[in-house]
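So the chains spell out like this:
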Amino acid sequence: MLRLLPFLKPYRWWFMLVGILLMLIALLTTLPPWLIQYAIDEVFPTGDTTWLLWLGGGILLLSLMEGLFSFTQQVLSEWVSQRVIFQIRNQLFHHLNQLSFSFFDRTQVGDLISRVVSDTDTLKRFIAFGLLKVVTNGLVLLWIFVSLMMWSPWMGFLFLLMIPFMVHAMWTYSFRVRPAFRRIRQTTGRLTSFTRERLAGIEVIKLFGNETHEENQFQQENQEYLQYQVEAARLGAFWLPYSEVLLGFFAGLVLLAGGWLVTTGRITAGSLVGFMAYVNLLNRPIRQTGFLLSLFQQADTAAERIHHLLDQESAIQNHPGAQPFTRLTDSLSMQGVSFAYDAQPVLQHVTFKIKAGETLAIVGPSGAGKTTLVHLLLRFYAPSAGEILLDDRPIERYTVESLREKIGLVMQHPFLFDGTLRDNIALGTPDATLADIQQAARLASLDSFIKALPQGYDTPIGERGVRLSGGQAQRLALARVLLRQPEILVLDEPTASVDHLTDAHIMESVSSLMAGKTLLVIAHRLATLRSAHRILFLEDGRITGLGTHHELVTSHAGYRGFIEASGDIAGRGGV
Ligand SMILES: Nc1ncnc2c1ncn2[C@@H]1O[C@H](COP(=O)(O)OP(=O)(O)OP(=O)(O)O)[C@@H](O)[C@H]1O
């Protein structure tokens, strides 16, 4: 929890102001028993009723002032804590954006969402309410102790007797509730993850009639959540009866010991009544302690989860002295590149070199490692061995941002965001004009479709682009990359969802736009393979063939079989 302090620092003056208000509130809370003591010891014996008016009015005034200060303090606390949490949420989202693919491969998105949204909210509740209540209650206890000591050290001593019981109870309680709250937060993450994923895949669930199975699984997760919540509530329920018993015991003790002190003349009757008023005043802080401890434990677990996320370091970072990548002038190569997501190797000793301006087609059976290979070029992952070189410089010597700016990748499964067609095409090129966007859409054979829409480029495409067909989504993803005018273009089966005619048109546009630029294409279509300068045939993560279409067709049985099986030969005039 202490690691939150840097987030609080910019608001230290506001917290100071809140602290002053809390001190005043605590002081005002503890003043009325003084007036009661004064009335009994000093005013009653004289029978002067005007004084009683003053004292009664004084108590009313103190309550009014306390109310005013409490209102100001609460508004201020909420304001400042919301701002602190705003910063933490921004920092978390920024940090998530920096983390590498390998982190997301092993982390559930729902759990991350619960850290960014719900854990931060728990922290806010603690800062705005819990922390300040702890301070107020602590100050009230302190003022009471000081008041009692001023009346009589005997009463101060009696008050101190209560402390060990309180500390013991607080310790036991905290020790027990903490694991329960940790389990709740973990289950919240899992439940969020489950719900998010199942809703995203609702079509598949319905298609396979899997609703009942999914509902059962949800119930299981939900059952666990319920169980942990009930467990935490059972532990929490212990506090209230305990505090009742403690207060009753304490009131009895004060009456007994205080009565003896009064009868033996050690304290006045007024101070005993004042003391009893303080015991009554203790009611709220002691009852609240259980709730505050729960809140503290929840916030501490939330803070731990937030810091755990902030402590994650990206596996891919800019190396010291990294230069921006601007142009490919000589060559692109891989030398002995190997890679594994976990234990199983995916790429093994991949070595090839192409000249700047050439087109390399990457072909191979499903799961051979084609996508992985191009992802390494963009530093989504780091090779476990070997080097990737651009103009004979290892890619680690270029900044990650410049590589991703200059190497355009059209992914196999493009992701579209909820927004308009224009927003999605201009993603990554916010300064693009409408004319630039239209030009990119034209090159991706998307312009005529968009123009026919009533809202044109301002048409919303829905969450994940649900209102577009697979082919339209793919062309949009292509337009988005073309708009950035990349130095190297990587296409991962970019036209798999479009018809032959559109494919031919798109590839023609790409070729003319990228004339003189380097192109890497994962493709199965014959026309693309024939026009490539080189073809790399990948099998089980190894290069088993590297050459032109003609060379491979004559020398590589695997490639020939691949071309024959693709069925393209008949449609495109044979090998
Ligand atoms: N994020 C990941 N984590 C773990 N394993 C992965 C991951 N992505 C891919 N793999 C595995 O790596 C291997 C290569 O996958 P890759 O996507 O590179 O193949 P591909 O040749 O592009 O296949 P396809 O033609 O079907 O798209 C596969 O066995 C796949 O299961």
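Along each chain, residues carry numbers from 1 onward, in the same order as the chain's sequence is written. In view of the model being predicted, local features appear only for residues whose pLDDT reaches at least 70, and side-chain atom pairs are presented and counted only at 80 or more, with totals across whole chains, interfaces and linings using the full set of residues. Side-chain figures throughout are based on the complete set of non-hydrogen atoms in the structure, without hydrogens or water.

Runs of H or I in DSSP of at least four residues are treated as helices and runs of E of at least two as strands, each being numbered from the N terminus. Relative to the assigned elements, Ser509 resides in helix H18 (residues 500–513). Each residue gets one of three labels from its accessible area relative to the maximum for its type: buried under 20%, exposed over 50%, partly exposed in between, using a 1.4 Å probe on protein chains only. Judged by relative accessible area, which is 9%, Ser509 ranks as buried.

Here we come to helix H12 (residues 370–377). Within H12, seven of the eight residues are buried, which leaves it mostly tucked inside the rest of the structure. Lys370, Thr372, Leu373, Val374, His375, Leu376 and Leu377 are the residues of H12 that are buried.

All right, on to the UniProt feature "transmembrane region" (unreviewed entry) in the chain then. UniProt positions are given in the numbering used here, feature names are shortened, and annotations may be inferred rather than shown by experiment. Here, UniProt's "transmembrane region" (unreviewed entry) annotation points to residues 12–31, 51–71, 126–148, 154–175 and 239–261. Structurally, residues 239–261 is divided into 100% helix and 0% strand, and its ends, taken at the C-alpha atoms, are 32 Å apart.

Think of pLDDT as the predictor's per-residue confidence, scored from 0 to 100. Scored by pLDDT, the chain comes out at a mean of 87, with 98% of its residues at no less than 70. A contact between two residues is defined here by any heavy atoms of the two lying within 4.5 Å. Across residues 569–575, confidence stays below pLDDT 50; counting only partners more than four residues off in sequence or on other chains, it has 16 contacts.

Time to look at the pairing of strand S7 (residues 488–492). The element S7 is largely enclosed, with a buried count of five among its five residues. Side chains Ile488, Val490 and Asp492 of S7 all project onto a buried face; the interleaved residues Leu489 and Leu491 project onto the opposite face, where all are buried too. Pairing of strand S6 (residues 407–410) with S7, which is carried by four bridges, proceeds in the parallel orientation. Looking at the pairing, Val410 lines up with Leu491 of S7. Bridging between S7 and strand S8 (residues 518–522) involves five bridges; their strand directions are parallel. Bridge pairing in S8 places Ile488 opposite Thr518. The criterion for strand pairing is that DSSP finds at least two bridges linking the strands in question.

Under the feature "domain: ABC transmembrane type-1" (unreviewed entry), the UniProt entry names residues 17–298. Across residues 17–298, helical content stands at 93% and strand content at 0%; the span's end C-alpha atoms are separated by 26 Å.

Mapped onto the secondary structure, Leu409 falls in strand S6. The sequence separation of Leu409 and Val521 amounts to 112 residues, and the corresponding C-alpha distance is 9.8 Å. Each residue touching Leu409, except ones within four places of it in the same chain, is listed here: Val374, His375, Leu378, Phe380, Val481 and Val490.

Our focus in this paragraph is the site of the ligand. For this purpose, a residue is taken to be near a molecule or strand whenever a single non-hydrogen atom of the residue falls within 4 Å of it. Taken together, 14 residues lie around the ligand, and Ser366, Gly367, Lys370, Thr371 and Thr372 are the ones closest in. Polar contact is defined as a pair of N or O atoms within 3.5 Å, subject to the rule that within protein one atom must be able to donate a hydrogen and the other to accept it, and that residues adjacent in sequence are counted only when both atoms are side-chain atoms. The side chain of Ser366 places a nitrogen or oxygen atom 2.6 Å from an oxygen atom of the ligand. Measuring from an oxygen atom of the ligand, one finds a side-chain N or O atom of Lys370 at 2.8 Å. Here, Shrake-Rupley sampling with a 1.4 Å probe gives the accessible areas, and only protein chains in the shown set may cover a residue. Isolated, the ligand exposes 640 Å² of accessible area, and the fraction of that covered by the protein chains is 63%. Top element by residues in the shell around the ligand is H12. It accounts for three residues. Tallied by class, the residues present in the shell around the ligand amount to five nonpolar, six polar and three charged. Any residue outside Ala, Val, Leu, Ile, Met, Phe, Trp, Tyr, Cys, Pro, Asp, Glu, Lys and Arg is labelled polar, Gly included; the first ten of those are nonpolar and the last four are charged.

Sheet architecture is open: four strands sit in the order S2-S1-S4-S5, paired in antiparallel fashion. Where the open sheet ends on each side, the last strands, each with one partner, are strand S2 (345–355) and strand S5 (393–394). In this sheet, S5 lies alongside strand S4 (residues 385–390) in antiparallel orientation, the contact comprising two bridges. Bridge pairing links Leu390 to Arg393 in S5. The angle between two axes is taken between their N-to-C directions and runs from 0 to 180 degrees, where each axis is a line fitted to C-alpha atoms and a helix contributes only its stretch in contact. Contacts from H12 reach strand S1 (331–340), S2 and S4 within the one sheet, and its direction differs from that of S2 by about 60°.

When strand S9 (residues 534–539) meets strand S10 (residues 542–547), the two strands line up antiparallel, connected through five bridges. Within S10, the position partnered with Leu538 by the bridge is Ile543. Between S9 and S10, which pair antiparallel one after the other, the connecting turn spans two residues, and Asp540 there sits at a positive phi close to 50°.

Moving on, we come to helix H7 (residues 153–200). To estimate the expected span of a helix, subtract one from its residue number and multiply by 1.5 Å. Relative to the 70 Å expected for 48 residues at 1.5 Å per residue, H7 spans 68 Å between its end C-alpha atoms, a close match to the ideal helical length. Helix geometry: H7 is bent most strongly at Val177, by close to 25°, with proline Pro179 lying one to four residues after it. Of the residues that open H7, the one with a side-chain oxygen 3.0 Å from the backbone nitrogen of Trp154 is Ser152. One fitted axis covers the seven residues ending at a residue, a second covers the seven starting there, and the bend at that residue is the angle between these axes.

Counting through the fold element by element, Leu53 comes out in helix H4 (residues 49–98). On a C-alpha basis, the gap between Leu53 and Ala382 in space is 81 Å, while along the polypeptide they are 329 residues apart.

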